[in-house]
Amino acid sequence: MGRILPSSVNSIKRYFYIFRSLFISQYALMIEYRAEIVLWALSGILPLIMLTIWKEADISKEFGFNHKWLSSYFISAFIVRQFTAVWVMVIFEKDNIEGKLSPYLLQPINPFWRYYISHIAEQFIRIPFVFIMLLLLFVLEPSFFWSPSLIRIILAIIAIFSAFTLRFLIHWFFSMLCFWTDRASSIERLLMIPYLFLSGLVAPLEAFPPVIRFVALSTPFPYILSFPSKILSGQDVNIINGYLVMFIWMLIFLLLGRVAWKFGLRKYSGMGA
Amino acid sequence: MAIVRVERLSKSYLISEKQPGLAGSLKHLFARTNTSVRAVDNISFEIEAGEIVGFIGSNGAGKTTTLKMLCGLIHPTSGSISVSGYKPIHRKTAFLKNITLVMGQKQQLIWDLPALDSLHVNASVYGISDTDRDERIEELSAMLDLKDELNRPVRKLSLGERMKCELLASLIHRPSILFLDEPTLGLDINAQIRVREFLREYNKKYRSTVILTSHYMGDIKSLCKRIILINNGRIFYDGLLATLTKTYSSSSFISIELTKAVNPVLFKEFGEIIECDELLVRLLVPRSSLKETLFKLLNQMPIKDLEVNDPPTEQIIAKLLRSVSL
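Residues numbered from 1 in each chain as written. Chains lettered and ligands numbered in written order. Predicted model: local features only at pLDDT ≥ 70, side-chain atom pairs only at ≥ 80, totals over all residues. Heavy atoms only, no water.

(A) Summary view of the overall build of chain B. Along chain B, the regular secondary structure elements total 11 helices and 13 strands. Oriented by its inertia axes, the alpha-carbon framework of chain B measures out at about 70 × 60 × 45 Å. Out of the 326 residues in chain B, the part that is buried amounts to 51%. A separation threshold of at least 6 residues defines the contact pool for chain B, and within that pool the share at least 24 residues apart is 71%. Entry remark: accessible area of chain B is about 15,500 Å², with carbon and sulfur atoms responsible for 52%. (Helix = DSSP H or I, 4+ residues; strand = E, 2+ residues; numbered from the N terminus. Buried < 20%, exposed > 50% of the residue type's maximum accessible area, 1.4 Å probe, protein only. Contact = heavy atoms within 4.5 Å. Areas by Shrake-Rupley, 256 points an atom, 1.4 Å probe, with all protein chains shown as cover.)

In structure tokens:
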């Protein structure tokens, strides 16, 4: 038998090694799908459409939104949305139905990591496309440009990555429904409705009546989009509170996902394999 | 010492039944009828370390379900399994590092990337260092006769090349227990032979235990001394392949080459006609009357050449499967 890295001493090194290999292969795979990724990136321009709608709307001033506020918020929302794209429910359902999950289950690593890392790899591929799109936008409309401070950029990167992880954990939890019903990905479309309206994608949360805003802030959705967007756009936001609530939601969905995984596997029939 | 121990293992599935048509769909929506199907029914067996055992049965007999339970993919309904001292369903890391499952009709290689990329991922998942990984890939590639194929995208490989890469990916962590579910499915004869040779060599070199299901008797005959026959989820034979041939074959197989064509109906009185193709006739004749039949054939038919053998294993097994299905 060959040398196996001792798990007690090198567990971090081992996980780094696994992460590196999975990331390299998934990055290479995503490069193969680069044309599709450009199209997906282009399809995420809803915040820019919302920006033009809000700019032209008379009511925007009622909420105290000026041109700079709206443009920095919706362009930040565009960036956040690009790097928080999650499609794990669709791919998990497909792997479950086609029996591709079986070989993953027989390897000494939870399949969660494969899906999680493949999403991260895809987001790395998006980086140049998003930059090109932003550059084009600022060239065409220089008044949209704003310059966040370095500390805000760092905090925003952390918040965007956390928002992606939170969204991934939510979708992962609902993916587990595939163990009970073969076609669980329709839940994704159902999740899209609260995501669109409660995350701050269609309208900033400030535009909502207080009760609706309270309801929205009691869900994880604003932390997936509105919170990181506000950090990046340089707007007033309670950063510590935001990170804390985001962390709590991550913990909740991590635990729910683990429980659903445990019980779901009992239902797994290895169909198609 | 037994490395695989299975006791009174059963697995039942709930299958919902639906009548065709709109009425059937509506009825199914409001009053679903579920039927419990017993895929594996109270089976027990043991497998020694280093053995190659053939698991044979018709489609839906319970072979793949048993393999899935043995490697821990699905939960048994009842009974117990021990593989290398582990309960498979717990899927402990040490257990997973010791087994592999190869499915002929499924693949684990990443379709759009060269096979080498999948091998690197697998090696890292199993905690194999880069040096060991490269050594193993070189060794297994030589055994499987793989060269540049590893650098080509998987989608560009032929079925045979892909299967060899699949085997390499499944064995890079050098498991000592191999669960092989129809590993030669769809392969041409040369690829089948190469895969069989490789499995034999791997078994010899690493003293691995192999549990193989296959519909190709060539796989079974060339690899397995012992076979387990399963039908409707129940084992009805567990023993040596050679013993099966002797025990269950009450007939002999006569191959006849004729000097001129004869009406095939005339052979009916000598035994069961298996094949009749102008100058070539194959008969299945009861052993008890073999002598007299041979005598009669030689006297009454224009025979150029004649050969007596045990009937092919395929026929014995097919006959057995038919008899237990009745």
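(B) Geometry of the nonpolar core. If you look at the biggest cluster of nonpolar residues, it comprises 113 residues, and the most contacted ones within it are Ile75 of chain A together with Leu70 and Phe179 of chain B. The biggest single contributor to this core is helix H7 (residues 111–140) of chain A, with 11 residues. With residues near it in sequence (within four places) discarded, Phe179 of chain B still touches Leu67, Leu70, Cys71, Val83, Ile99, Thr100, Leu101, Val102 and Ile211 of chain B. (Core = buried A, V, L, I, M, F, W, Y, C linked by side-chain atoms within 4.5 Å.)

(C) Summary view of the pattern of salt bridges. For the coordinates displayed, the defined rule picks out 21 salt bridges over all chains. In this structure, the salt-bridge partner of Asp238 of chain B is Arg226 of chain B, at a minimum N-O distance of 2.9 Å. Highlighted residues: Asp238 of chain B in strand E9 (residues 234–240) and Arg226 of chain B in strand E8 (residues 226–231), separated in sequence by 12 residues. Because the salt bridges share partners, they merge into one network encompassing Arg20 of chain A together with Asp130, Arg133 and Asp134 of chain B. (Salt bridge = Lys/Arg side-chain N within 4 Å of Asp/Glu carboxyl O.)

(D) Fine view of the packing of aromatic side chains. Scanning the entire structure with this criterion turns up 35 aromatic pairs over all chains. With 5.7 Å between their ring centres and 65° between their planes, Phe92 of chain A and Tyr115 of chain A make a pair best called edge-to-face. A residue pair is termed long-range when its members are at least 10 positions apart, and Phe92 of chain A in helix H5 (residues 88–98) and Tyr115 of chain A in helix H7 qualify at 23 residues. The class for Phe92 of chain A is buried, based on a relative accessible area of 0%. A relative accessible area of 4% places Tyr115 of chain A in the buried class. With 6.1 Å between their ring centres and 55° between their planes, Tyr86 of chain B and Phe95 of chain B make a pair best called tilted. The class of Phe95 of chain B is buried, set by a relative accessible area of 1%. The aromatic ring of Phe263 of chain A is capped on one face by Lys262 of chain A, whose charged end is 5.8 Å from the ring centroid. (Phe/Tyr/Trp six-rings, centres within 6.5 Å; stacked < 30°, edge-to-face > 60°. Lys NZ or Arg CZ within 6 Å of the ring centre and 35° of its normal.)

(E) Region of interest: the interface of chain A and chain B. Listed per partner, the contact involves 33 residues of chain A and 36 residues of chain B. Of the roughly 3,100 Å² buried where chain A meets chain B, counting both sides, 58% is carbon and sulfur surface. Here chain A and chain B share 1 salt bridge between them. In this structure, Arg20 of chain A engages Asp130 of chain B in a salt bridge whose closest nitrogen and oxygen atoms are separated by 3.6 Å. (Buried area = accessible area lost by both parts, 1.4 Å probe.)

(F) Region of interest: unusual backbone geometry. All names here are of chain B. Unlike most non-glycine residues, Arg8 shows phi in positive territory, near 45°. By the element assignment, Arg8 lies in strand E1 (residues 2–17). Overall, Arg8 belongs to the exposed group, its relative accessible area being 55%. The phi torsion at Asp145 lies on the positive side, around 60°, for a residue other than glycine. Residue position: Asp145 is located in the loop between helix H5 (130–144) and helix H6 (159–171). On the accessibility criterion, Asp145 (40% relative accessible area) is partly exposed.

(G) A look at the packing of H5 of chain B against H6 of chain B. Residue and element names in this part refer to chain B. Relative to each other, H5 and H6 sit at 145°, their axes nearing to 10 Å. Viewed along their axes, H5 and H6 form a crossing whose handedness is right-handed. Along the contact surface, H5 presents Ile137, Leu140, Ser141 and Leu144, while H6 presents Lys164, Leu167, Leu168 and Leu171. A per-class count over the contact of H5 with H6 returns 6 nonpolar, 1 polar and 1 charged. (Axes fitted to C-alpha atoms, helices over the stretch in contact; angles between N-to-C directions. Left-handed = near helix turned anticlockwise from the far one by under 90°. Nonpolar A, V, L, I, M, F, W, Y, C, P; charged D, E, K, R; others polar.)

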